[in-house]
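Examining the three-dimensional arrangement
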Amino acid sequence: MWLARQFLSSVVQRSQYAGQSGLFHRPRHGCLPKLEPRYLQCTSCWQSRVPVAGFETLNASITSTSEPCDEANRSLDACYTSQQKKTILQMLNNASPSELAGVKLLRGRKSVNIVEYRTKNGPFKTLESVVNVPLLKHKSAVTVFNSILNPVKRERNVRIQLAKFIRPEVDRSWLEEANAIVSIVCGTNKIAWAHVDREMMVLDWQELECPHFLKGTYLASAYLNDVSAVLKVLPSANFYIIEKSSISVQNTALFPIMAHMRTVEAMLFSLLEPRNLAQDSNIPPKVLNMMRTAVGRHFELMVGDSRTSGARAVRKLMSDSVTKELPRINFPPNLLMKYRNAFQMNSKSEGEELCNALLQAVAFYELLSKSSA
């Protein structure tokens with residue numbers, strides 16, 4: 001055995017001297033590793049030769065069959081089976097922007113680009129054509145395809161913290177004891193509200209034009225008159241839920257809109273909450289903010305950081321209230337008749353504040369029940 005160890009040592013030294021490592025070595029030319037056997041001589045008879053497996057060559061063979069399509073010059077269609085290609089193309093051609101956003105790397109603008117591309121050019125027929133979509137290249141396309149074929153199931157935490165959608169923080173028991181709320185949404189020229197009780201019945205749902213909003217030079221007195229006119233017809237409730245806009249301060253183009261929203265919001269808070277809450281912490285606040293993005297996520301209206309129209313969701317709620325035994329929300333006949341032809345997709349932004357006020361009320365009650373589950 002001592003002679004065998006000496007022989008092995010000499011072989012290793014000669015291989016290293018020749019620029020090779022181990023008992024096996026890769027050929028200098030060619031793209032695939034070849035098995036070049038070496039032998040140990042038997043110390044008993046000095047004639048038999050025992051072949052030794054080349055571990056480094058075997059390792060090289062294994063690593064060479066790793067993730068497919070690592071090479072940028074390899075066709076994407078050649079990397080997947082016909083069934084896999086069918087699954088990927090079906091997802092890319094039929095999924096909505098919100099569904100595409102659930103795929104790895106497709107959050108934000110990429111999912112919108114896919115929908116715009118297939119709308120303009122027709123459905124994807126090959127995987128290779130996907131790289132023509134802006135922001136999608138070969139490497140990112142492979143990641144997207146693999147994510148579609150092997151989706152990661154994420155466990156969602158059913159219990160939701162109130163602070164994630166309601167501000168300021170308030171004790172849950174106060175909200176649970178409320179008999180009714182008024183959901184308020186401010187627009188650029190109107191204010192809409194939805195009065196909904198604990199039994200998920202719409203008691204009142206309307207909007208009021210505000211003629212002085214964003215007209216000419218800002219006058220605080222003119223804004224106050226418009227907001228006060230709304231408060232005169234606003235129904236009473238345990239809580240008033242005001243939509244908190246998600247417009248960023250850094251977006252200078254929308255700064256006038258943001259300033260307008262914040263001004264109306266501050267007036268509503270001041271006029272609807274005349275009490276000094278700092279003097280008595282046992283009194284719950286009557287006016288609360290609800291995050292616009294929280295409502296958007298609840299109804300799957302978010303595409304990246306932007307929120308799409310809620311008209312379709314509202315039309316479905318109205319339809320379900322008639323056709324389903326246990327709808328999410330109930331409408332009185334007079335409101336169904338009043339808005340039966342409203343919220344059409346071709347009437348851009350018409351009735352958007354009304355939609356948002358209703359969706360906010362529904363989301364409030366449903367998220368509240370989840371947070372206490």
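Residues numbered from 1 in each chain as written. Predicted model: local features only at pLDDT ≥ 70, side-chain atom pairs only at ≥ 80, totals over all residues. Heavy atoms only, no water.

Notes on the packing of helix H3 (residues 82-94) against helix H6 (residues 138-149)
Helix-helix packing: each pair is described by the crossing angle between the helix axes and the interaxial distance. This is how the line gets drawn: Only C-alpha atoms enter the line fits that serve as axes; for helices the fit covers just the stretch in contact. Angles between N-to-C directions range over 0 to 180 degrees. The way it works is that DSSP assigns letters per residue, a run of H or I at least four long becomes a helix, a run of E at least two long becomes a strand, and they are numbered from the N terminus. Roughly parallel here means an angle under 35 degrees, roughly antiparallel means over 145, roughly perpendicular means 65 to 115, and every remaining angle is called oblique. We call two residues in contact when some of their heavy atoms are within 4.5 Å. Each residue gets one of three labels, nonpolar for Ala, Val, Leu, Ile, Met, Phe, Trp, Tyr, Cys and Pro, charged for Asp, Glu, Lys and Arg, and polar for the others, Gly among them.
Between H3 and H6, the least distance of the axes is 10 Å, while the angle of their chain directions is 100°. Relative to H6, the element H3 is oriented roughly perpendicular. Between H3 and H6, the contacting residues are Gln 84, Thr 87, Ile 88, Met 91 and Leu 92 on the first element and Phe 145, Ile 148 and Leu 149 on the second. Of the residues belonging to the contact of H3 with H6, the class tally is 6 nonpolar, 2 polar and no charged.

Here we look at helix H11 (residues 311-323)
An α-helix turns once every 3.6 residues. As a result, residues three or four positions apart point the same way. Going by this rule: Under the convention used throughout, the expected extent of a helix is 1.5 Å for every residue step, that is, one less than its residue count. Each residue gets one of three labels from its accessible area relative to the maximum for its type: buried under 20%, exposed over 50%, partly exposed in between, using a 1.4 Å probe on protein chains only.
Taking 1.5 Å of rise per residue, the 13 residues of H11 would be expected to cover 18 Å, and the 18 Å separating its terminal C-alpha atoms lies within 8% of that figure. For H11, the complete set of buried residues consists of Ala 311, Ala 313, Val 314, Leu 317, Met 318, Asp 320 and Ser 321.

Description of the side chain of Arg 118
What counts here: Only four residue types enter the charge count: Lys and Arg as positive, Asp and Glu as negative, with His and the chain ends excluded. Here, a salt bridge means any side-chain nitrogen of Lys or Arg that lies within 4 Å of a carboxyl oxygen of Asp or Glu.
On the secondary structure map, Arg 118 appears in helix H5 (residues 109-121). The buried charged residue Arg 118 lacks any salt bridge, with Glu 99 as its nearest oppositely charged partner at 7.1 Å. In this structure Arg 118 touches Met 91, Leu 92, Asn 93, Asn 94, Ala 95, Leu 100, Pro 123 and Phe 124, once residues within four positions along its chain are discounted.

Observations concerning the pattern of salt bridges
Taken as a whole and assessed by the stated rule, the structure comprises 8 salt bridges. The salt bridge partner of Glu 207 is Lys 190, with a shortest N-O separation of 3.6 Å. Within this pair, whereas Glu 207 is found in strand E6 (residues 202-209), its partner Lys 190 is found in strand E5 (residues 190-197), the two being separated by 17 residues in sequence. Residue Lys 190 is classed as buried on the basis of its relative accessible area of 7%. One salt bridge in this structure joins Glu 265 and Lys 244, with 3.1 Å as the shortest N-O distance. Residue Glu 265 is located in helix H9 (residues 255-272), and its partner Lys 244 is located in strand E7 (residues 239-244); the two are separated by 21 residues in the primary sequence. A relative accessible area of 11% means that Glu 265 is categorised as buried. When salt bridges that share partners are traced, they join Lys 190, Glu 207 and Glu 209 into one network.

A word on the nonpolar core
Rules: Side-chain atoms within 4.5 Å link the members of a nonpolar core, which is a set of buried Ala, Val, Leu, Ile, Met, Phe, Trp, Tyr and Cys residues.
Membership of the largest hydrophobic core comes to 46 residues, with the highest contact counts inside it found for Trp 205, Met 290, Ile 329, Phe 331, Phe 343, Leu 358 and Phe 364. Broken down by element, the residue count for this core peaks at 12 residues, all from helix H13 (residues 352-371). Once residues lying within four places of it in the same chain are set aside, the contact partners of Phe 343 are Trp 205, Ala 311, Val 314, Arg 315, Met 318, Gly 351, Leu 354 and Cys 355. Core analysis: the second largest hydrophobic core is formed by 23 residues, Leu 76, Val 103, Tyr 117 and Val 133 among them.

Details of helix H8 (residues 220-233)
Look at H8: 21 Å from first C-alpha to last across 14 residues, which is about the 20 Å you get at 1.5 Å a residue. Three or more residues of H8 are buried, namely Ala 222, Tyr 223, Asp 226, Val 227, Val 230 and Leu 231. In this structure, the buried residues of H8 make contact with E5, E6 and H9.

Thoughts on the sheet that holds strand E3 (residues 166-167)
In plain terms, the rule: Think of it this way: DSSP has to see at least two bridges between two strands before they count as a pair.
With mixed pairing, the 6 strands of this open sheet are ordered in space as E3-E8-E7-E4-E5-E6. Of all strands in the sheet, those bounded by a partner on one side alone are E3 and E6. As defined by bridge partners, strand E4 (residues 180-186) adjoins E5 across 7 bridges and the pair is classed as antiparallel. Note that in E5 the partner of Ala 180 across the bridge is Asp 197.

So, unusual backbone geometry
Between Arg 167 and the following residue, Pro 168, the backbone shows a cis peptide bond with an omega angle of -10°. Considering the arrangement of structural elements, one finds Pro 168 in the loop between E3 and helix H7 (172-176). At Leu 105, a position not held by glycine, the phi torsion is positive, near 75°. Among the structural elements, Leu 105 can be located in the loop between helix H4 (97-100) and H5. Of note in the backbone geometry, Glu 300 takes a positive phi value of approximately 55° without being a glycine. For Glu 300, the location among the structural elements is in the loop between helix H10 (292-298) and strand E9 (302-303).

Quick notes on the pairing of E4
Judged by how many residues are buried, E4 sits mostly within the fold: 7 of 7 residues are covered. On E4, burial covers both faces: Ala 180, Val 182, Ile 184 and Cys 186 on one face and Ile 181, Ser 183 and Val 185 on the other are all buried. Connecting E4 to the antiparallel partner E5 that follows it, the hairpin turn spans 3 residues. The pairing of E4 with E7 spans 4 bridges and is classified as parallel. When the bridges of E7 are listed, Ile 184 appears paired with Ile 242.

What to know about the packing of aromatic side chains
The geometry of an aromatic ring pair comes down to the distance between the two centres and the angle between the two planes. The cut-off we apply is this: Geometry of aromatic contacts follows a simple scheme: Phe, Tyr and Trp rings, the Trp one being its six-membered ring, pair when their centres are within 6.5 Å, and the pair is stacked under 30 degrees between planes, edge-to-face over 60, tilted otherwise.
In this structure the tally under the stated criterion is 9 aromatic pairs. Judged by centre distance (5.7 Å) and plane angle (45°), the ring pair of Trp 205 and Phe 331 falls under tilted. One end of the pair, Trp 205, is in strand E6; the other, Phe 331, is in the loop between H11 and helix H12 (333-339), and 126 residues separate them in sequence. Taken together, the ring pairs in this structure connect Trp 205, Phe 331, Tyr 339 and Phe 343 into an aromatic cluster.

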